[in-house]
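Chain residues, written in single-letter form:
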Amino acid sequence: MKFPNDFLFGGATAAYQVEGATKADGKGRVLWDGYLEKQGRFNADPASDFYHRYPEDLALSKQFGLNAIRVSIAWSRIFPKGYGAIEQRGVDYYHKLFAECAKDGIEPFVTLHHFDSPENIYEDGDWLNPANIDHFVDYAKFCFKEFPEVKYWITINEPTSSAVQQYVTGTFPPNEKYNFHKTFQAEHNLNLAHARVVNAYKAMHLAGQIGIVHALQTVYPLDPASAGDQHAADLQDTLDNRVFLDGTLAGHYPDETLQLMREILVANRQADIQISNADEAELQEAADQLDFVGVNYYFSKFMKAYNGPSETVHNGTGKKGSSISRLQGIGESGLRPGVPVTDWDWPIYPKGLYDQLMRIHQNYPNIKNLYITENGLGLKESLSPDQHTIQDDKRIDYIQQHMNAILQAMQDGVNVKGYFIWSLQDQFSWTNGYNKRYGLFYVDFDTQKRYPKKSAYWFKEMAETHTVPA
Ligand code: BG6
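In this text, all values refer to a predicted model and were calculated from it rather than measured experimentally.

Digging into the overall build of the protein
Part 1 of the reasoning: Counting its secondary structure elements, the protein contains 15 helices and 15 strands.
Part 2 of the reasoning: The C-alpha radius of gyration of the protein comes to 21 Å, within 12% of the 23 Å expected for a compact globule of 470 residues.
Part 3 of the reasoning: Principal-axis analysis of the C-alpha atoms places the extent of the protein at approximately 55 × 55 × 45 Å.
Part 4 of the reasoning: Counting the 470 residues in the protein, one finds 51% classified as buried.
Part 5 of the reasoning: Restricting the contact set of the protein to residue pairs at least 6 apart, pairs at least 24 apart contribute 77%.

Structure, rendered in structure tokens:
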């Protein structure tokens, strides 16, 4: 089977992970700046210096057959404080970037929020403070008016990653652990922020489309015959996926979702969250008007029943076997025999992508258009002077298996309209710094030179033939 003629083959990026230039042209600070300074392990300068080298990266994209790119706007380049005065140099930068995309025939999919809340917004409670939702809507409306050249908008990247990593695993600032009350409140507020932006966009009657990007980790019971494992999988799925899928695609939370959420809160002796009827009306209005959903998929989870206290260890180094995830009132992540795992302990399971696409297709039938907005394999890579290219056969194998899963889902009725590899070029990883590379193009972070990897040539063949190369 071939991908349709109008299928998009793109590379994904995010402002903070590629732009560098974190202090240039009046950019305001974001939540990561202070945290990374304090941690002292790595920072986001120069990242891939996309702020200056975007023409080169777009030219490479074109040369290698790509016809789309995911970028994000750094909120704090436009509104350095998150609201109030506008920084014209930031506005000008994004106009130049989109003009260069048009010149190269590369369609930009533009995310408004990719983990980089302005520092002020963050210090005022980030997504837990309803006033910040209003600031986000104002920023979004400014962008919609200012950048008519953008045809595809994404409200928020992976709201689950923000909420869960900020308040459960503590891997994103403010690094709180096991606060499920804050997590679910942030999840609901993120859904609401997304909904308000969609509704505002639609009220402006612009000639474009708007969607959201979810990180979807398909969750299975470790032992399919165990009722306890199945229940642990349902609870983990509620935390990671269900609240978002219901809130943004269905537009309401069914009783079953609310019950599972409350079971987690009760087991952790934490207070219920606030959801008003007015909130639900906004969610519904947005879900009814949503143009597309983006799926970021890297791995699946295999859950077993667990009755002890929470204990998590994040693998931020690539030392295989170093991660732990046991959550009180939810369950424990395990490994299913026969399923390979990456050095970061992520089970490689392409069927999880197929199952997740089928789930959206079957459970949320109002969603007609899907994109794979991130998928890829992180590896430790280095290019020695005598090497011409990175032989990343493992990455090719990973992409190939996932593309075949997508084709299978398309054959079974899912309308997938494009695929964005994470990532276009090597870039900065939030919790791994420069130690985990995903790019089609290798970046020497000292010289900022780009080198196409073997996977870039493989990807070019796929984009040109619209088939998955053997
Ligand atoms: C996604 C994010 O969660 O995964 C990206 O949208 C991120 O921003 C990517 O970089 C890979 O994550 P990591 O931790 O392997 O760099």
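So, the environment of Ala-68
Part 1 of the reasoning: Structurally, the position occupied by Ala-68 is in strand β2 (residues 68-72).
Part 2 of the reasoning: Residues Ala-68 and Phe-420, 352 residues apart in the sequence, show an inter-C-alpha distance of 7.8 Å.
Part 3 of the reasoning: The contact partners of Ala-68, leaving out residues within four places of it in the chain, are Leu-8, Phe-9, Gly-10, Ile-106, Glu-107, Phe-109, Gly-418 and Phe-420.

As for the UniProt feature "active site" (unreviewed entry) in the protein
Part 1 of the reasoning: The UniProt record marks Glu-374 with the feature "active site" (unreviewed entry), using the residue numbering of this structure.
Part 2 of the reasoning: Within the element layout of this structure, Glu-374 appears in strand β12 (residues 370-374).
Part 3 of the reasoning: Judged by C-beta crowding, with 23 C-beta atoms within 10 Å, Glu-374 ranks as buried.

With respect to the site of the ligand
Part 1 of the reasoning: Within the structure, the ligand sits among 15 residues, and Ala-14, Glu-158, Ser-161, Gly-378 and Ser-429 are positioned closest to it.
Part 2 of the reasoning: Among the residues making up the shell around the ligand, the classes are represented as 4 nonpolar, 8 polar and 3 charged.

Describing the sheet that holds strand β10 (residues 324-327)
Part 1 of the reasoning: Ordered in space as β6-β8-β11-β10-β9, the 5 strands form an open sheet in which the pairing is mixed. Across the chains shown, the open sheet's two edge strands, defined by having one partner strand only, are β6 (218-221) and β9 (311-313). Neighbouring strand axes in the sheet, compared pairwise and without regard to direction, differ in orientation by 30° on average.
Part 2 of the reasoning: Across 4 bridges, β6 lies against strand β8 (residues 300-304) in parallel orientation.

Examining unusual backbone geometry
Part 1 of the reasoning: Along the chain, Asp-45 connects to Pro-46 via a cis peptide bond; the corresponding omega equals 5°.
Part 2 of the reasoning: By secondary structure assignment, the location of Pro-46 is in the loop between α2 (31-39) and α3 (50-63).
Part 3 of the reasoning: Following Pro-173, the chain continues to Pro-174 via a peptide bond in cis, the omega torsion being 15°.
Part 4 of the reasoning: Here Pro-174 shows up in the loop between α8 (159-167) and α9 (180-203).
Part 5 of the reasoning: The phi dihedral of Ala-21 falls on the positive side, at around 45°, and the residue is not glycine.
Part 6 of the reasoning: Looking at where Ala-21 falls in the secondary structure, it is placed in the loop between α1 (15-18) and α2.
Part 7 of the reasoning: Exposure remark for Ala-21: the 18 C-beta atoms within 10 Å place this residue in the partly exposed category.

Quick notes on the sheet that holds strand β1 (residues 8-12)
Backbone-to-backbone hydrogen bonds pair the strands of a sheet. The strands run either parallel or antiparallel.
Part 1 of the reasoning: Within the closed barrel, the 8 strands sit side by side as β1-β2-β3-β4-β5-β7-β12-β13. Their pairing is parallel. Strand-to-strand twist across the sheet, computed as the mean angle between neighbouring axes with direction ignored, equals 25°.
Part 2 of the reasoning: In this sheet, strand β13 (residues 416-421) lies alongside β1 in parallel orientation, the contact comprising 4 bridges. Each residue of the ladder has a partner; that of Phe-9, found in β13, is Tyr-419.

Some points on the pairing of β2
Side chains on a regular strand alternate between the two faces of the sheet.
Part 1 of the reasoning: Extensive coverage of β2 is indicated by the burial of 5 of its 5 residues.
Part 2 of the reasoning: Two elements, β1 and β2, share 3 bridges in a ladder whose sense is parallel. The residue of β2 that forms the bridge with Gly-11 is Ile-69.
Part 3 of the reasoning: Pairing analysis gives 5 bridges linking β2 to strand β3 (residues 107-113), with the strands arranged parallel.

Description of α3
Part 1 of the reasoning: Where α3 bends most, at Glu-56, the angle is about 30°.
Part 2 of the reasoning: All of the buried residues in α3 are Phe-50, Tyr-51, Arg-53, Tyr-54, Asp-57, Leu-58, Leu-60 and Ser-61.
Part 3 of the reasoning: Each element contacted by the buried residues of α3 is listed here: β1, α1, β2, α5 (88-104), β14 (441-443) and β15 (450-452).
Part 4 of the reasoning: Where α3 ends, the next residue or the one after it, Gly-65, has phi of about 85°, a positive value.

Things to note about the packing of helix α7 (residues 130-146) against α9
Part 1 of the reasoning: Interaxial distance between α7 and α9 falls to 9 Å at its minimum, and their mutual angle equals 30°. The chirality of how α7 crosses α9 is right-handed. Where α7 approaches α9, its residues Pro-130, Ile-133, Phe-136, Val-137, Ala-140, Lys-141 and Phe-144 are matched on the opposing element by Asn-189, Leu-192, Ala-193, Arg-196, Val-197, Ala-200 and Tyr-201.
Part 2 of the reasoning: Each residue belonging to the contact of α7 with α9 can be placed in one class, and the counts come to 11 nonpolar, 1 polar and 2 charged.

Here we look at the pairing of β13
Part 1 of the reasoning: With respect to burial, β13 is a largely interior element, 5 of its 6 residues being buried.
Part 2 of the reasoning: Of the strand pairs in this sheet, β12 and β13 are connected by 3 bridges, and their pairing is parallel. Among the inter-strand pairings, Tyr-371 is bridged to a residue of β13, identified as Gly-418.
Part 3 of the reasoning: Taken together, β12, helix α14 (residues 393-411) and β13 constitute a β-α-β crossover, and its handedness is right-handed.

Some remarks on the environment of Pro-55
Part 1 of the reasoning: Mapped onto the elements, Pro-55 comes out in helix α3.
Part 2 of the reasoning: For Pro-55, a count of 13 C-beta atoms within 10 Å translates into the label partly exposed.
Part 3 of the reasoning: C-alpha separation for the pair Pro-55 and Glu-100, spaced 45 residues apart in sequence, amounts to 6.6 Å.

Concerning the packing of α9 against helix α10 (residues 227-250)
Part 1 of the reasoning: Across the interface, α9 lies against α10 with an axial gap of 10 Å and an inter-helix angle of 25°. Judged on the interaxial angle alone, α10 and α9 are roughly parallel. Between α9 and α10 lies a crossing of right-handed hand. Residues Phe-184, Glu-187, His-188, Asn-191 and His-194 of α9 lie in contact with α10, whose contacting residues are Val-243, Phe-244, Gly-247 and Thr-248.

Thresholds, definitions, all that
Residues numbered from 1 in each chain as written. Predicted model: local features only at pLDDT ≥ 70, side-chain atom pairs only at ≥ 80, totals over all residues. Helix = DSSP H or I, 4+ residues; strand = E, 2+ residues; numbered from the N terminus. Rg over C-alpha atoms; globule rule 2.2 N^0.38 Å. Buried ≥ 20, exposed ≤ 12 C-beta atoms within 10 Å, placed from the backbone. Contact = placed C-beta atoms within 7 Å. UniProt positions renumbered as here; feature names shortened; annotations may be inferred. Near = placed C-beta within 6 Å. Nonpolar A, V, L, I, M, F, W, Y, C, P; charged D, E, K, R; others polar. Pairing = 2+ DSSP bridges. Axes fitted to C-alpha atoms, helices over the stretch in contact; angles between N-to-C directions. Bend = angle between axes of the 7 residues up to and from the residue. Left-handed = near helix turned anticlockwise from the far one by under 90°. Right-handed = clockwise from strand over helix to strand, strands pointing away. Parallel < 35°, antiparallel > 145°, perpendicular 65-115°, else oblique.

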